[in-house]
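Breakdown of the fold
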Amino acid sequence: MHPVDPTESAADSPLGDADNLETIRDFIRWAASRMDEHGVFLGHGTHSYLDEAAWLVLEGLRLPPDLGSDWWASRLCAGEKAGLLELIRRRCIEHTPTAYLLNRAWFMGQPFYVDERVLIPRSPFGDLIRDDFHGLLDAGVRSGRILDIGTGSGCIAIALAEHFPEAEVIGSDIDFGALSVASRNVGDYQLSERVELMQSDLLDQILDDEGQPLTFDLIVSNPPYVDPDEAEDLPDEYHHEPADALFAPDRGLALVERLLDAASAHLRPGGWIFVEMGNGRHWFDQRWPSHRGYWVDLSPAPSSIIAFPREKLEDWGGRTA
């Protein structure tokens, strides 16, 4: 963050005259207007400029996001004003996502530390976990072993550990920076004894002490799946996220294909793998029209998660059909 001079007049803001802003309510209203004016992209946690502005202003003041509106008339001191103006400038001018500005994102109603080493949590896996995976899993998974591939901030691995309190959970990532962020979150949730973190390129290093594939009752993954050709069309906010966690070759399918090719050796009988691929569903269905997977119902949103039981992973793409 750029240095903030608490004596600087609000009128010096590059976003225009802010000299009359005094209260929390003033800053939320003004920030929402500036976000609209500068075409800020929403999609990393909120769906309106007022919600985005309230999140930025309240947490920027170290206040709870559900602060009662009675407090919104509170007047701010000079240092608080200067700090908020800098956050709003970075959000509107640099298009830095709010989660990175605050080093905080929310997943399944819980806060997680994030920075630009990891994607901002927004996975539909949250809905799937809440719904207990639509009842597809065998009872054994509740005390079995679960793997989260591409764990990033660790939010999905942590959510799985909390949903399946008797299970052993491993979160893996190829990037050591991401694993550092995940380790911080695992520690914050006091789950270090139940959530193990491993460095691995997909499943390549997920091995036991004898070098054999480590096996699981459930594997979930949100791998890089965005077609690199789409990069120029993405809002500026996405370019603050780590490119290696977003983009994959071959229309975004290269890592998905590698993962599914290797998954059967890492699943126990009755085990399942769930893979998220966002808008890549179109390309997946087009490449493998006879695939043997199930698109998981995420109504009212279109399904972006495909599931395979272990017995469907042999010739999963129907490539010989």
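Above this note sits the structure.
The rules behind the values
Throughout this document, residue positions are counted from 1 along each chain, in the order its sequence is written. pLDDT decides what is reported in this predicted model: residues at 70 or higher carry local features, side-chain atom pairs at 80 or more are listed and counted, and totals for whole chains, interfaces and linings draw on all residues regardless. Side-chain calculation: all heavy atoms of the structure are included, whereas hydrogens and water are not. Axis definition: a line fitted to C-alpha atoms, over the contacting stretch in the case of helices. Angles run 0 to 180 degrees between N-to-C directions. Numbering goes from the N terminus for both helices and strands, where a helix is a DSSP run of H or I of at least four residues and a strand is a run of E of at least two. Each angle gets one of four labels, with under 35 degrees taken as roughly parallel, over 145 as roughly antiparallel, 65 to 115 as roughly perpendicular, and the rest as oblique. Throughout, a crossing is termed right-handed when the near helix is turned clockwise from the far one, and left-handed when it is turned anticlockwise from it by less than a right angle. Throughout, a contact is declared for two residues whenever any of their heavy atoms are within 4.5 Å. Residues are grouped as follows: Ala, Val, Leu, Ile, Met, Phe, Trp, Tyr, Cys and Pro are nonpolar; Asp, Glu, Lys and Arg are charged; all remaining types, including Gly, are polar. Buriedness of a pocket was judged along seven lines, with at least five required to meet protein on both sides within 12 Å; pockets are open sets of points on a 1 Å grid over the protein atoms alone, cavities are sets where a 1.4 Å probe fits but cannot get out, and lining residues have an atom within 4 Å of a point. Grid points are joined across faces, edges and corners, and a volume is the space filled by probe spheres set on the points. Between 30 and 60 degrees the pair is tilted, below 30 it is stacked and above 60 it is edge-to-face, where a pair is any two Phe, Tyr or Trp rings, Trp via its six-membered ring, whose centres lie within 6.5 Å. Summary of the burial criterion: residues with accessible area below 20% of their type's maximum are buried, those above 50% are exposed, and those between are partly exposed, where the area comes from a 1.4 Å probe applied to protein chains only. Here, a charge over a ring is recorded when the distance from Lys NZ or Arg CZ to the ring centre is within 6 Å and its angle to the ring normal is within 35 degrees. Counted as salt bridges are all cases of a side-chain nitrogen of Lys or Arg within 4 Å of a carboxyl oxygen of Asp or Glu.

Some points on the packing of helix α1 (residues 24–37) against helix α2 (residues 49–60)
Contact geometry for α1 and α2: axes closest at 8 Å, N-to-C directions at 130°. With respect to their mutual orientation, α1 and α2 come out oblique. You can see that α1 and α2 cross each other, and the crossing is right-handed. Contacts between α1 and α2 pair I24, F27, I28, A31, A32, M35 and D36 from the former with Y49, L50, E52, A53, A54, L56, V57 and L58 from the latter. The residue makeup of the contact of α1 with α2, split by class, is 13 nonpolar, no polar and two charged.

Quick look at the layout of surface pockets
Approximately 460 Å³ is the volume attributed to the second largest pocket. Lining the second largest pocket are 23 residues, with E59, G60, R62, L102 and R104 positioned closest to its centre. The element that contributes the greatest number of residues to the lining of the second largest pocket is helix α3 (residues 78–92), accounting for five residues. A breakdown of the residues in the lining of the second largest pocket according to their chemical character gives 13 nonpolar, five polar and five charged.

Some thoughts on the packing of aromatic side chains
Across all of its chains, the model carries 11 aromatic pairs by this definition. Ring plane angle 20° and centroid distance 5.8 Å describe the contact between F284 and W316, whose orientation is recorded as stacked. Placement of the pair is F284 in helix α10 (residues 281–287) and W316 in the segment after β9 (305–309), with a sequence separation of 32 residues. Residue classification places F284 among the buried positions, given a relative accessible area of 0%. For W316, a relative accessible area of 1% translates into the label buried. Seen in terms of ring centroids, F308 and W316 are 6.1 Å apart; in terms of plane orientation they differ by 80°. Their pairing is edge-to-face. Here the aromatic residues F133, F164, W272, F274 and Y294 are joined through ring pairs into a cluster of three or more. Geometry around F216 places R145 over its ring, the cationic atom sitting 5.8 Å from the centre. Stacked on the ring of Y113, the Lys or Arg R184 has its end atom at 3.8 Å from the ring centre.

Digging into the pattern of salt bridges
Enumeration over the complete set of coordinates arrives at 20 salt bridges. Of the charged contacts in the structure, one is a salt bridge between E37 and R34, with a shortest N-O distance of 2.7 Å. Residue E37 and its partner R34 are located together in helix α1, separated by three residues, close to a single helical turn. Overall, R34 belongs to the buried group, its relative accessible area being 16%.

With respect to unusual backbone geometry
For the bond from S299 to P300, the omega torsion is 5°, close enough to zero to count as cis. Of note, P300 is situated in the loop between β8 (294–295) and β9. Positive phi, normally seen in glycine, also occurs at N103, with a value near 55°. Mapped onto the secondary structure, N103 falls in the loop between α4 (98–102) and β1 (105–107).

Geometric values such as these leave the question of function open.
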